[in-house]
Amino acid sequence: MVHVSDLSWPEYAERVARDPVVLVPCGALEQHGPHLPLGTDAILASAVSTGIAEAVGGLVLPALAYGYKSMPKSGGGAHFPGTTNLDGGTVASLVRDLIREQVRHGVRRLCFVVGHYENQWFVTEGIDLAMREVGHTGVRIMRLEYWDFIEPATIERVFPDGYPGAALEHAAVIETSLMLHYQPHHVRLDRLPDHRSADFPPYDMFPPHRHWVPSSGALTSAKAATAEKGRIMAEQFRDSIVAAVRREF
Ligand code: ZN
Ligand code: MN
């Protein structure tokens, strides 16, 4: 058992006494096209975290189910129904409080697994604020975006026609393939978006231009997604992240 929410308090105390790596999946409630659920980022960050925890004898906390504001150029933006955004300070406070509480219980190794692009700097801010409070305990904290671990050989197999980059991959081949691997019942295969990649200018506008964003909510085609590509990525991400976790801890 790796999920903290499934443990009783004596079981949790006994596990923490063995100095586990505690993984924190960081997701969002955000549109992911007409074919994927709003909870995709939390589902995938949790699935990746679970694989890591099983390999290193770690624990997984419940995912942060909400995240920093979906942006047009990386998540489609706030105008899609269901996308439910937190202010940056709220995300940072959640992360800081969660670290302080885990450290109070004796946890000394934490790993934040970010599954929502826009969370990156606010999770970092929460960790930095927490370290001012609890750094003296010797706690060490890792932070990563799982997609950054994609290796050239995997890119060749998953993106034979070229990798558009993590930001444009919103609700596209990576996330759809991983969902087909981990939770196929959650993918509406008859509604896969298949259109050209969004072509964003190198600046943002407030209020945002909705017409910059494809109406599907995906930022590039998901047509090439397959469960097999999901398996290839899931296994490679797990092996690469496990190696990094073992190296650091
Ligand atoms: Zn996503
Ligand atoms: Mn996202």
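What you see is a predicted model, and the numbers here were worked out from it, not measured in a lab. (Residues numbered from 1 in each chain as written. Chains lettered and ligands numbered in written order. Predicted model: local features only at pLDDT ≥ 70, side-chain atom pairs only at ≥ 80, totals over all residues. Heavy atoms only, no water.)

K.L.:
Can you walk me through the overall build of the protein in this structure?
P.N.:
A tally of regular secondary structure across the protein gives 8 helices and 6 strands. Expressed as a percentage of the 249 residues in the protein, the buried residues total 52%. A separation threshold of at least 6 residues defines the contact pool for the protein, and within that pool the share at least 24 residues apart is 77%. Surface exposure of the protein reaches about 11500 Å², of which carbon and sulfur atoms provide 53%. (Helix = DSSP H or I, 4+ residues; strand = E, 2+ residues; numbered from the N terminus. Buried < 20%, exposed > 50% of the residue type's maximum accessible area, 1.4 Å probe, protein only. Contact = heavy atoms within 4.5 Å. Areas by Shrake-Rupley, 256 points an atom, 1.4 Å probe, with all protein chains shown as cover.)

K.L.:
Is there a simple way to think about the coordination of the zinc ion (ligand 1) in this case?
P.N.:
As a benchmark, a tetrahedral metal site with four donors has ideal angles of 109.5 degrees, while an octahedral site with six donors has ideal angles of 90 or 180 degrees. Coordination of the zinc ion (ligand 1) by the protein comes from His32 (NE2), Asp41 (OD), Glu175 (OE) and Glu175 (OE), over a distance range of 1.8 to 2.8 Å. Note that the zinc ion (ligand 1) binds 4 donor atoms; their angles at the metal cover 51 to 143 degrees, and the shape is irregular. Between the donor residues of the zinc ion (ligand 1), the gaps in sequence give the motif H-x8-D-x133-E. The distance between the zinc ion (ligand 1) and the manganese ion (ligand 2) comes to 3.4 Å, with Asp41 serving as a donor to both metals. (Donors = N, O, S within 2.8 Å, 3.2 Å for Na, K, Ca; no water. Tetrahedral: all angles 85-135°; square planar, octahedral: opposite > 155°, others 65-115°.)

K.L.:
Explanation requested: the coordination of the manganese ion (ligand 2) in the structure shown.
P.N.:
Within the first shell, the manganese ion (ligand 2) binds the protein through Glu30 (OE), Asp41 (OD) and His116 (ND1), at distances of 1.9 to 2.3 Å. Mapped onto the polypeptide sequence, the residues donating to the manganese ion (ligand 2) form the spacing pattern E-x10-D-x74-H.

K.L.:
When you look at the sheet that holds strand S6 (residues 140–145) in this model, what are you seeing that I'm missing?
P.N.:
Two orientations exist for strands paired in a sheet by backbone hydrogen bonds: parallel and antiparallel. If you walk across this open sheet you meet the 4 strands as S2-S1-S5-S6, and the pairing is parallel. The open sheet has two edge strands, strand S2 (59–60) and S6, and neither has a second partner. Pairing between strand S1 (residues 22–26) and strand S5 (residues 109–114): 5 bridges, direction parallel. Bridging from a neighbouring strand, Val24 pairs with Phe112 of S5. (Pairing = 2+ DSSP bridges.)

K.L.:
Honestly, the pattern of salt bridges in this entry has me stumped. Any pointers?
P.N.:
Working definition: two side chains of opposite charge can pair if their charged atoms are close together. Evaluated as defined, the whole model comprises 13 salt bridges. As a salt-bridge pair, Asp97 and Arg96 come within 3.4 Å of each other at their nearest N and O atoms. Residue Asp97 is classed as partly exposed on the basis of its relative accessible area of 30%. Judged by relative accessible area, which is 24%, Arg96 ranks as partly exposed. (Salt bridge = Lys/Arg side-chain N within 4 Å of Asp/Glu carboxyl O.)

K.L.:
What's the story with the packing of helix H7 (residues 173–182) against helix H8 (residues 227–248) in this structure? I'm lost.
P.N.:
Think of two packed helices as two axes; the pair is described by the angle between the axes and how far apart they sit. Direction vectors running N to C along H7 and H8 enclose 90 degrees, while the axes themselves pass 7 Å from each other. As judged from the angle between their axes, H7 and H8 are roughly perpendicular. Between H7 and H8, the contacting residues are Val173, Ile174, Ser177, Leu178, Leu180, His181 and Tyr182 on the first element and Ala227, Lys229, Gly230, Arg231, Met233, Ala234 and Phe237 on the second. For the contact of H7 with H8, the residue count by class is 9 nonpolar, 3 polar and 2 charged. (Axes fitted to C-alpha atoms, helices over the stretch in contact; angles between N-to-C directions. Parallel < 35°, antiparallel > 145°, perpendicular 65-115°, else oblique. Nonpolar A, V, L, I, M, F, W, Y, C, P; charged D, E, K, R; others polar.)

K.L.:
Would you take a moment to explain the environment of Leu192 for this structure?
P.N.:
Locating Leu192 in the fold gives a position in the loop between H7 and H8. A residue is classified by how much of its surface remains accessible, and Leu192, at 16% relative accessible area, is buried. Aside from chain neighbours lying at most four places away, what touches Leu192 is His35, Thr176, Ala222 and Lys223.

K.L.:
For this particular structure, what's the right way to read the pairing of S1?
P.N.:
Working note: regular strand, side chains alternate between the two faces of the sheet. Among the 5 residues of S1, 5 are classified as buried, and the element is accordingly described as predominantly covered. What you see with S1 is no split at all: Val22, Val24 and Cys26 on one side and Leu23 and Pro25 on the other are buried throughout. As paired strands, S1 and S2 are joined by 2 bridges and run parallel to one another. The residue bridging Val22 from the neighbouring strand is Leu59, located in S2. Handedness of the crossover is the feature at issue here: the chain leaves S1, passes through helix H2 (residues 40–56), returns alongside S2, and the resulting connection is right-handed. (Right-handed = clockwise from strand over helix to strand, strands pointing away.)

K.L.:
How should unusual backbone geometry be read in this particular structure?
P.N.:
Residues apart from glycine generally show negative phi values, whereas peptide bonds are mostly found in trans. Cis geometry is found at the peptide bond from Phe206 to Pro207, where omega equals -5 degrees. Structurally, Pro207 can be placed in the loop between H7 and H8. A positive phi is found at Asp19, a non-glycine position, where the angle reads about 60 degrees. By the secondary structure assignment, Asp19 is in the loop between helix H1 (9–16) and S1.

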